[in-house]
Amino acid sequence: AALVGLFPDVLTAEKRFSRGFSSLPNYMFSKSIDDSSANKSTGQTRNHPFNQRFDKGPSDFDHTHVFTSSSVWEIPSGFESRVAKFALGGWSLTSIVAIQSGFPFTVGSGVDNARTGTGGQRADLVGNPFLPGGRSRGEQVLQWLDRAAFVTNPLGTFGNQGRNMFRGPGLTAVDLGVHKNFRVTEHLTTQFRFEVFNTFNHVNLAGPDANRNSGNFMRTSGAYDPRILQLALRLEW
C-alpha cells in the first residue's frame, strides 16, 4: 500500500515498580492516511482506475484514539505460618485496560454500475447519515447509520462518497489475572495463573454491514469475544 501520511501523538506515563506496584498507562492520538491498505497495491485495490486520489482516506486499520494501561501489584502478605505463606502469600495481580475508537468503513453500493468488471463502487451519499445520540444498544444494532442517506450510484459513476468516511463501534476491555510462583525444588518452579479476559463482559460490537445492496444493510450481526476465563500451569527449570 502507498502510505500517504501517519500522524501519531503519544503520551506515556510510567510508575516504576516500588512497594509492590507498577503501572504503565499510554494514550495515542493518531491519524493514518493511505490510498490502499492492502498488502499489495494492485489494480484490484483501486476503485477508480483514472483517479488515484479517489481512494485517499483513513487507513482501514486507523484508530483515532487508543488508550492502554497495564499494571502489576504484588499483593502484600504477613503470614507467619509456613503453610499459610506457601498457599496464600506471594500472589500478584495483573491488569490490562484497553479503550479505542472504532475502525473506519466505507458504504459500498454492492453493484458494478461503473462497469469496471471489478466492483467496489461506493453508494451515493444523499442526506445526513448520522442518527440522534442516546439510542439504546438494540437500536444501534438494528441501524448504525441512517439507511435512507445512501442510494445506489448511477450507471457510469463510482459513487460520491469518500473512502472510509464513517466509524464503527469502539472497543473497551479490561483483562485481569492473578498468578503465583511455587518453588518445587531449587531448579524447578511452578507458576499458577488465573486470567479473565473482558472481565466485565462488555459488549463490543463489530462493524455494521456496509453493503447498500444487502438485506442486512447497516445492521450489526457480530460482536467480539465475551468474558473468557483461563487457567494455566507453567513449569520453569
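Analysis parameters
- Residues numbered from 1 in each chain as written.
- Predicted model: local features only at pLDDT ≥ 70, side-chain atom pairs only at ≥ 80, totals over all residues.
- Heavy atoms only, no water.
- Helix = DSSP H or I, 4+ residues; strand = E, 2+ residues; numbered from the N terminus.
- Rg over C-alpha atoms; globule rule 2.2 N^0.38 Å.
- Buried < 20%, exposed > 50% of the residue type's maximum accessible area, 1.4 Å probe, protein only.
- Contact = heavy atoms within 4.5 Å.
- Areas by Shrake-Rupley, 256 points an atom, 1.4 Å probe, with all protein chains shown as cover.
- Lys, Arg positive; Asp, Glu negative; His and termini not counted.
- Charge placed at Lys NZ, Arg CZ, Asp CG, Glu CD.
- Salt bridge = Lys/Arg side-chain N within 4 Å of Asp/Glu carboxyl O.
- Polar contact = N/O pair within 3.5 Å; in protein donor to acceptor, adjacent residues only side chain to side chain.
- Core = buried A, V, L, I, M, F, W, Y, C linked by side-chain atoms within 4.5 Å.
- Pairing = 2+ DSSP bridges.
- Phe/Tyr/Trp six-rings, centres within 6.5 Å; stacked < 30°, edge-to-face > 60°.

What follows is about the overall build of the protein chain. Looking only at helices and strands, the protein chain has two helices and 13 strands in total. Whereas a compact globule of 237 residues would reach a radius of gyration of roughly 18 Å, the protein chain reaches 25 Å, over 25% beyond that. Projected onto the principal axes, the alpha-carbon positions of the protein chain cover approximately 80 × 40 × 30 Å. The buried share of the protein chain, taken over its 237 residues, is 33%. Counted over contacts in the protein chain with a minimum sequence separation of 6, partners at least 24 positions apart contribute 69%. For the protein chain, the accessible surface area stands at approximately 14,400 Å², while carbon and sulfur atoms represent 58% of it. Charged side chains in the protein chain number 24 positive and 19 negative. The centres of these two groups are separated by 2 Å.

What follows deals with the pattern of salt bridges. According to the stated counting rule, one finds six salt bridges in the structure shown. Ionic pairing is found between Asp34 and Arg163, a salt bridge with its closest N-O pair at 3.0 Å. With Asp34 in strand β3 (residues 21-34) and Arg163 in the loop between β9 (150-151) and β10 (166-167), this pair connects stretches of sequence that are 129 residues apart. Taking the relative accessible area as the measure of exposure, Arg163 reaches 9% and is therefore buried. For Arg167, the salt bridge is made with Asp62, and the minimal N-O distance between the two is 2.5 Å. Here the residue Arg167 occupies a position in strand β10, and Asp62 occupies one in the loop between β4 (57-58) and β5 (65-74), the gap between them amounting to 105 residues. Under the relative-accessibility criterion, Arg167 is labelled partly exposed at 27%. Among the charged side chains, a network of salt bridges with common partners joins Asp34, Asp60 and Arg163.

Position of Thr157 relative to the elements: it lies in the loop between β9 and β10. According to the relative accessible area criterion, Thr157 is partly exposed, its value standing at 28%. Along the backbone, Thr157 and Pro129 are 28 residues apart, and their C-alpha atoms lie at a distance of 21 Å. The contacts of Thr157, once residues within four sequence positions are left out, are Asn113, Ala114 and Gln121. A polar atom in the side chain of Thr157 sits 2.7 Å from the backbone oxygen of Pro154.

We note that Asn164 has phi near 55°; this positive angle belongs to a residue other than glycine. Along the chain, the position of Asn164 falls in the loop between β9 and β10. Given a relative accessible area of 5%, Asn164 falls into the buried group. The phi dihedral of Asn201 falls on the positive side, at around 55°, and the residue is not glycine. Checked against the element boundaries, Asn201 lands in the loop between β12 (189-197) and β13 (228-236). Under the relative-accessibility criterion, Asn201 is labelled partly exposed at 35%.

Phe105, Val107, Ala123, Trp144, Leu145, Ala149, Phe150, Phe166, Ala210, Phe217 and Met218 form the largest nonpolar core, which has 11 residues in total. If we ignore the near neighbours within four places in the chain, the residues touching Met218 are Phe105, Val107, Val141, Leu142, Gln143, Trp144, Leu145, Arg147, Phe150, Pro208 and Asp209.

Let's shift gears to the pairing of strand β6 (residues 92-100). For β5 and β6, the ladder comprises nine bridges, and the chain directions are antiparallel. The residue bridging Val66 from the neighbouring strand is Gln100, located in β6. Relative to strand β11 (residues 171-183), β6 runs antiparallel, the two sharing nine bridges. The residue of β11 that forms the bridge with Gln100 is Leu171.

Evaluation of the coordinates by the stated rule reveals seven aromatic pairs. Geometrically, the ring pair formed by Phe54 and Phe158 is edge-to-face, given 6.3 Å between the ring centres and 65° between the ring planes. Of this pair, Phe54 sits in the loop between β3 and β4 while Phe158 sits in the loop between β9 and β10, placing them 104 residues apart in sequence. Each member of the pair, Phe54 as well as Phe158, carries the same accessibility label: buried. Plain terms: the ring middles of Phe105 and Phe166 are 6.1 Å apart, the flat faces sit at 40° to each other, and that makes the pair tilted. Within this pair, whereas Phe105 is found in strand β7 (residues 104-105), its partner Phe166 is found in strand β10, the two being separated by 61 residues in sequence.

Interpretation in functional terms is not warranted from these geometric data alone.
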